[in-house]
Amino acid sequence: MTKPQQAGASRGPLAGVRVLDLTSVIMGPFATQILASLGAEVTKVESPEGDNMRHVGPMRHPGMGHIFLNANEGKRSVVLDLKQPAAREAALRLAEASDVLVSNVRPQALRRLGLDFESVRARHPRIVHVSCCGFDQQGPYAARPAYDDLIQGATGIPWLMQQYGSEAPCYAPVTLADRVTGLHAVYAVTSALFARERTGEAQAVVVPMFEAMTQFVLGDHLSGLAFDPPLGEAGYARLLTAHRRPYRTRDGHLCMLAYNDKHWRSFFEAIGQPQRMDDPRFASHGARAQNIDAVYGEVARILRERTTADWRALLDAADVPNMPMNAPGDLLDDLHHAATGFVRTVDHPSEGRLRATGRPTRWHGLGDWDPAPAPRLGQHSTEVLRELGFTATDIAGMLATGAARQEDTP
């Protein structure tokens, strides 16, 4: 059982870095949760209704949905109604007290709230201001709303899924655009902090979803369109063949990838057919790429002949890359994750025992640390306002008018 540290007792490579989190849903919270997991002190400002993902079940108690719990570990929650001047002033004071402001509020709305880069820099000349948004603000889509589904569609994911064999265009069943863009936001924050240390100056970074996913998709699928004039159409054939999928075995499925010449030679030797490497379709990487449907189709035929366990033993002995086809639930009990401690069991003060993932990176020389549990809505409002210099009378007035909200102690 992992015992989480208390908020404010951060360790890790970003210990001492203060982050004002003006994000909601998935893209921004995913990014700021990574920053929190690296030791940053993250204060999340929420509306009186709370982050939308608080209300997406399953959940044990209202406002503590599973995605919210996962994406908001290690943060403090302050409720501010930014429509009210007192709340906007509190948010600006929070920005003054922070090293970094991360937002996924549309830039036009952020400007109306007085929390855009220029407004914040006027009060904090060294602020790192990172704005996650739908589109680069220099283009005609600048003010358009953006959600994961829309960006997946606009950057070709449903088209690719249909090319791959889906009956109709469909989205990838993960919040791909949100999480890809969130990762860009993380390195934007850390790079901007480094630049500020070098220059002493404030840094402003815009992280747009459309551009992030366009880069992600075209990196694989630009294909013949990479050349001018084109040498073919878009689409990386190996990724689009309908045969690129877990292979059916006699009793289940197996993920196997013979990729280079060594793998293929070892595979054919393992099944007692080394002469297959003399087949022109299999003889070289280039030949296999040109005949990818036939190559993968032949592998599919061969793998139906044995059980999954038999194939895993045979392929492991031959050093041919393979992995089981897991369901998400299987990852919780995976032997490797159990050995590394990546999947943790934690006790949440109000939500009880939870399963959570750790950091995908391992840091040496810094000891170990775990983030505090995800906060209840407005759990830290009074605490944070007091730290910002608001008097008891000020805070009482803000609570009375709804400019702020403090959760009652459960």
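Quick caveat, the model's predicted, so the values are computed rather than measured. Each chain carries its own residue numbering, running from 1 in the written order of its sequence. At least 70 in pLDDT is required for a residue's local features to be given in this predicted model, at least 80 for side-chain atom pairs to be given and counted, and no such filter applies to totals for whole chains, interfaces and linings, which use all residues. To get the side-chain values, all heavy atoms of the structure are used, and hydrogens and water are removed first.

## Structural notes on the overall build of the protein chain
Phase 1 of the analysis: Helix numbering and strand numbering both begin at the N terminus, where a helix is a DSSP run of H or I of at least 4 residues and a strand a DSSP run of E of at least 2. The helix and strand tally for the protein chain stands at 18 helices and 12 strands.
Phase 2 of the analysis: Each principal axis of the C-alpha distribution contributes one length, and for the protein chain these read about 85 × 55 × 45 Å.
Phase 3 of the analysis: Put simply, the protein chain has 410 residues, and 46% of those count as buried.
Phase 4 of the analysis: Counting only contacts in the protein chain whose residues sit at least 6 apart along the sequence, the fraction spanning at least 24 positions is 70%.
Phase 5 of the analysis: The Shrake-Rupley method, run with a 1.4 Å probe, gives the accessible areas here. Residue values count only the displayed protein chains as cover. For the protein chain, the exposed area adds up to about 20900 Å²; of that, 54% sits on carbon and sulfur atoms. In this scheme, a residue with accessible area under 20% of its type's maximum is buried, one over 50% is exposed, and one in between is partly exposed, where area comes from a 1.4 Å probe on protein chains only. What makes two residues a contact is simply this: any of their non-hydrogen atoms within 4.5 Å.

## Quick notes on the packing of aromatic side chains
Two measures describe an aromatic ring pair: the distance that separates the ring centres and the angle between the ring planes.
Phase 1 of the analysis: Ring pairs are drawn from Phe, Tyr and Trp, using the six-membered ring of Trp, whenever the two centres fall within 6.5 Å, and their geometry is named by plane angle: stacked under 30 degrees, edge-to-face over 60, tilted for the rest. The final tally for this structure, using the stated rule, is nine aromatic pairs.
Phase 2 of the analysis: A centroid spacing of 6.2 Å and a plane angle of 85 degrees characterise the contact between Trp 264 and Phe 267, whose relative ring orientation is edge-to-face. Linking Trp 264 with Phe 267, this pair stays in helix 11 (residues 261-270), spanning three residues, or about one helical turn. For the pair Trp 264 and Phe 267, one class covers both residues: buried.
Phase 3 of the analysis: Ring centres of Phe 268 and Phe 282 lie 5.3 Å apart, and the angle between their planes is 85 degrees; on these two criteria the pair is classed as edge-to-face. Taken together, the residues span a long stretch of sequence, with Phe 268 in helix 11 and Phe 282 in the loop between helix 11 and helix 12 (285-290) at a distance of 14 residues. In terms of burial, Phe 268 and Phe 282 fall into one category: buried.
Phase 4 of the analysis: Connected via pairs of aromatic rings, a cluster forms that spans Trp 264, Phe 267, Phe 268, Phe 282 and Trp 311.
Phase 5 of the analysis: When the ring centre of Phe 390 is taken as origin, the NZ or CZ atom of Arg 93, which lies over that ring, is 3.9 Å away.
Phase 6 of the analysis: Taking NZ or CZ as reference, Arg 306 lies 5.1 Å from the ring centre of Trp 311, over its face. Ring-over charges, as used throughout, are those where CZ of Arg or NZ of Lys falls within 6 Å of the ring centre and within 35 degrees of the ring normal.

## Side note on the sheet that holds strand 3 (residues 75-80)
Phase 1 of the analysis: Pairing is mixed across the open sheet formed by seven strands, whose spatial order is 6-5-4-1-2-3-12. Of all strands in the sheet, those bounded by a partner on one side alone are strand 6 (203-208) and strand 12 (404-405).
Phase 2 of the analysis: Where strand 2 (residues 41-46) lies against strand 3, five bridges are found, and the strand directions are parallel. Looking at strand 3, one finds that Lys 44 is bridged to Ser 77. Criterion used throughout: strands pair if DSSP finds at least two bridges between them.

## Describing the environment of Gly 297
Phase 1 of the analysis: Relative to the assigned elements, Gly 297 resides in helix 13 (residues 292-303).
Phase 2 of the analysis: The sequence separation of Gly 297 and Ile 127 amounts to 170 residues, and the corresponding C-alpha distance is 55 Å.

## Section: the pairing of strand 10 (residues 343-348)
Phase 1 of the analysis: Sheet topology note: the strand 10/strand 11 (residues 352-357) ladder contains six bridges and is antiparallel. Residue Thr 345 lies in a different strand from strand 11, and its bridge partner there is Arg 355.
Phase 2 of the analysis: Between the end of strand 10 and the start of strand 11, which pair antiparallel, lie three residues.

## Here we look at the pattern of salt bridges
Phase 1 of the analysis: Note on definitions: salt bridges are taken to be side-chain nitrogens of Lys or Arg within 4 Å of carboxyl oxygens of Asp or Glu. Applying the stated criterion across every chain yields a total of 24 salt bridges.
Phase 2 of the analysis: Put simply, Asp 99 and Arg 196 hold a salt bridge, and the shortest N to O gap is 3.1 Å. Taken together, the residues Asp 99 in the loop between helix 3 (85-96) and strand 4 (100-103) and Arg 196 in helix 8 (residues 176-199) connect sequence positions 97 residues apart.
Phase 3 of the analysis: Judged by its relative accessible area of 19%, Asp 99 is buried.
Phase 4 of the analysis: Classification of Arg 196 by relative accessible area gives buried; the value is 4%.

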